[in-house]
Amino acid sequence: MSRSMRASAMSRVFVLALTLVMLAGLPAEAASTWTKLLTTPGEVQRMAPAPGNGVYVATSPTNSGATAVLYRYKSDGKVSWKVTLGTGGVYITGLASDASGNAYVMSWSTTRDGDKGYPYRLQHVKKDGKLGWLKTWYDDDLSLSGGPVALSGNMLLVAQRDAATGNSTIRRFKKSNGAASSTWTLSGSKKPASWLSDLVVHAGSAYMLDVSGRLFRLRTDGTVQWMKQLPGTPGGGAYLVTGNLAVNAKGISVGYNEGCCDAYVRRYTLSGTQKWSKRAPNVGGSALSVTVAGANTFTATSKWVSDAKRSQIIVTRMDANGKVKGSVKAGTKETDSPSFALASGGYVYVGGYAWTSPNRPLVVRVKKP
């Protein structure tokens, strides 16, 4: 073999080796995956479990003229049904489901209802897509923010903060008929400092997160048992992406941003003791959501893969000590951004949007890495 041939062969080997090294740094393509890019403009606002290991997906745009829609997806990615819950500026802020398959959707409207004010609505949707009871309350100046929903036994909880007073309330309704029960009010030094991004109930206790970085555990009477402050300050430090609080019997996982773009995951015991805090794996920006299954924390992040595939969804499993145990990637050829993650059976659902013009809701299901 001539010197030039040997040099050419060595060059090919070097390029192949370099390619393999580069590819080794990327998660594998996810197995048993489906990806849905909805035709209706908007973004996924919330997700909740649906019957048969499916998923409820609530979407609405983030601009004027919003149309709020609830989808029920089967586990194979087919749509069982969809129902429109409002048009002309209706925004979904909360979604929960019960063991019978019923869904409960929280929304508010930018259209004033005469002298009553701006309406805030909690809508019961049956598992067949038919509308059930509807509960409505009003605010005169649209000062109520947040609106995540959680199910606690036979009660539904809706958390909101009133910018006019600085206090937060948790409204409670019977899930059977929407009848209102006593409202919990959080005021004083241990109250949310900004709008409420997430609310989760586990074993009778409510856990709440606001975008200023405050994490709360509430007692069964609605009083604060403990409060933890994540690093940073509002506007320049901790900024909570909607939907990054996950709780189960093994503990609490919180996803948050320290500064504009540094995404982190923090793990607590149910009593509020910090177990670990780590930089979110496979993140290329600030997009981050978390979910839990057993002692594992699953993160959904957005990372640039290539000019052809742009920023894809990366789902990563972290063990009880925060160590990365596996990752997979999925998504579209657009720039994808994850907002919510939900563990269901052997899979993780991710909801978000693709950066089209206008944005389009994105739903992904991947097998747990």
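Everything quoted here is computed from the prediction, not taken from an experiment.

About the criteria used
Residues numbered from 1 in each chain as written. Predicted model: local features only at pLDDT ≥ 70, side-chain atom pairs only at ≥ 80, totals over all residues. Heavy atoms only, no water. Helix = DSSP H or I, 4+ residues; strand = E, 2+ residues; numbered from the N terminus. Buried < 20%, exposed > 50% of the residue type's maximum accessible area, 1.4 Å probe, protein only. Core = buried A, V, L, I, M, F, W, Y, C linked by side-chain atoms within 4.5 Å. Contact = heavy atoms within 4.5 Å. Pairing = 2+ DSSP bridges. Axes fitted to C-alpha atoms, helices over the stretch in contact; angles between N-to-C directions. Salt bridge = Lys/Arg side-chain N within 4 Å of Asp/Glu carboxyl O. Phe/Tyr/Trp six-rings, centres within 6.5 Å; stacked < 30°, edge-to-face > 60°.

Turning next to the overall build of the chain. Of regular secondary structure, the chain possesses 1 helix and 30 strands. A buried classification covers 52% of the 369 residues belonging to the chain.

A separate point is the nonpolar core. If you look at the biggest cluster of nonpolar residues, it comprises 15 residues, and the most contacted ones within it are Tyr56, Leu70, Leu85, Leu95, Val105 and Val125. Those elements giving two or more residues to this core turn out to be β3 (43–50), β4 (54–60), β5 (68–73), β6 (79–86), β7 (90–97) and β8 (103–109). With residues up to four places along the chain from it excluded, the contact list for Val105 reads Leu70, Leu85, Ile92, Gly94, Leu95, Arg121, Leu122, Gln123 and Val125. Of all hydrophobic cores here, the second largest spans 14 residues; its members include Ala150, Leu157, Val201 and Val224.

Okay, unusual backbone geometry next. Phi is mostly negative for residues that are not glycine, and the peptide bonds are mostly trans. Geometrically, the link from Ser357 to Pro358 is a cis peptide bond, its omega value of 0° lying close to zero. Topologically, Pro358 is positioned in the loop between β29 (347–354) and β30 (360–367). Its identity as a non-glycine residue notwithstanding, Asn53 has a phi of 60°, on the positive side. Looking at the secondary structure, you find Asn53 in the loop between β3 and β4. For Asn53, a relative accessible area of 48% gives the class partly exposed.

Bridge count for β5 against β6 is 6 bridges, and the pairing is antiparallel. Counterpart to Tyr73 in the pairing with β6 is Val79. Linking β5 back to β6 in an antiparallel pair, the connection comprises 5 residues, with Gly77 at a positive phi of about 95°.

Turning next to the sheet that holds strand β9 (residues 118–125). Reading across from one edge, β7-β8-β9-β10 is the order of the 4 strands in this open sheet, with antiparallel pairing throughout. What marks the edges here is a single partner per strand, and that holds for β7 and β10 (131–139). For this sheet, the mean inter-axis angle between neighbouring strands, taken without regard to orientation, is 20°. For β8 and β9, the ladder comprises 6 bridges, and the chain directions are antiparallel. Residue Ser107 lies in a different strand from β9, and its bridge partner there is Arg121.

The next point concerns the sheet that holds strand β27 (residues 324–330). Sheet strands pair by backbone hydrogen bonding; their relative direction is either parallel or antiparallel. Read from one edge of the open sheet, 5 strands run β1-β27-β26-β25-β24, paired in mixed fashion. Edge positions in the sheet fall to β1 (28–29) and β24 (288–293), since each has one partner strand and no second.

This part covers the environment of Gly213. Secondary-structure assignment places Gly213 in the loop between β16 (205–210) and β17 (214–218). Classification of Gly213 by relative accessible area gives buried; the value is 0%. Put simply, Gly213 and Gln229 are 16 residues apart on the chain and 5.7 Å apart in space, counted from C-alpha to C-alpha.

For the rest of this paragraph, the subject is the side chain of Asn244. Relative to the assigned elements, Asn244 resides in the loop between β19 (238–239) and β20 (245–248). Residue Asn244 is classed as buried on the basis of its relative accessible area of 0%. The residues contacting Asn244, other than those within four sequence positions of it, are Asp198, Leu209, Ser253, Val254, Gly255, Tyr256, Leu288, Ser289 and Val290.

Glancing now at the pairing of β16. Most of β16 sits out of view: 6 of its 6 residues are buried. What you see with β16 is no split at all: Ser205, Tyr207 and Leu209 on one side and Ala206, Met208 and Asp210 on the other are buried throughout. One ladder, built from 6 bridges, connects strand β15 (residues 196–202) with β16; its direction is antiparallel. Among the inter-strand pairings, Leu199 is bridged to a residue of β16, identified as Met208. Hairpin geometry of β15 and β16 is characterised by an intervening segment of 2 residues between the two adjacent antiparallel strands and by a positive phi of about 50° at Ala203. Bridging between β16 and β17 involves 4 bridges; their strand directions are antiparallel.

Our focus in this paragraph is the pattern of salt bridges. Evaluation of the coordinates by the stated rule reveals 4 salt bridges. The partner of Asp198 in a salt bridge is Arg46, and the shortest N-O contact between them spans 3.5 Å. Here Asp198, found in strand β15, pairs with Arg46, found in strand β3; they are 152 residues apart in sequence, far enough to count as distant. Like Asp198, the residue Arg46 is buried in the burial classification. Of the charged contacts, one joins Asp140 and Arg112 as a salt bridge, the two residues approaching to 2.4 Å between their closest N and O atoms.

Mapped onto the elements of the fold, Tyr347 is located in strand β29. With 272 residues separating them in the primary sequence, Tyr347 and Ser75 have C-alpha atoms 9.5 Å apart.

Inspection of every chain in the model, using the stated rule, returns 9 aromatic pairs. Ring geometry for Trp34 against Tyr73: centres 5.8 Å apart, planes inclined by 25°, an arrangement best described as stacked. Of this pair, Trp34 sits in strand β2 (residues 34–37) while Tyr73 sits in strand β5; the two residues are 39 residues apart in sequence, bridging distant segments of the chain. Pair check on accessibility: Trp34 and Tyr73 agree, each one buried. Ring geometry for Tyr91 versus Trp108: centroids 4.9 Å apart, planes at 20°, classification stacked. One end of the pair, Tyr91, is in strand β7; the other, Trp108, is in strand β8, with 17 residues separating them in the sequence. For Tyr91, a relative accessible area of 15% corresponds to the buried category. Here the aromatic cluster, defined as three or more aromatic residues joined through ring pairs, consists of Trp34, Tyr71, Tyr73 and Tyr349.

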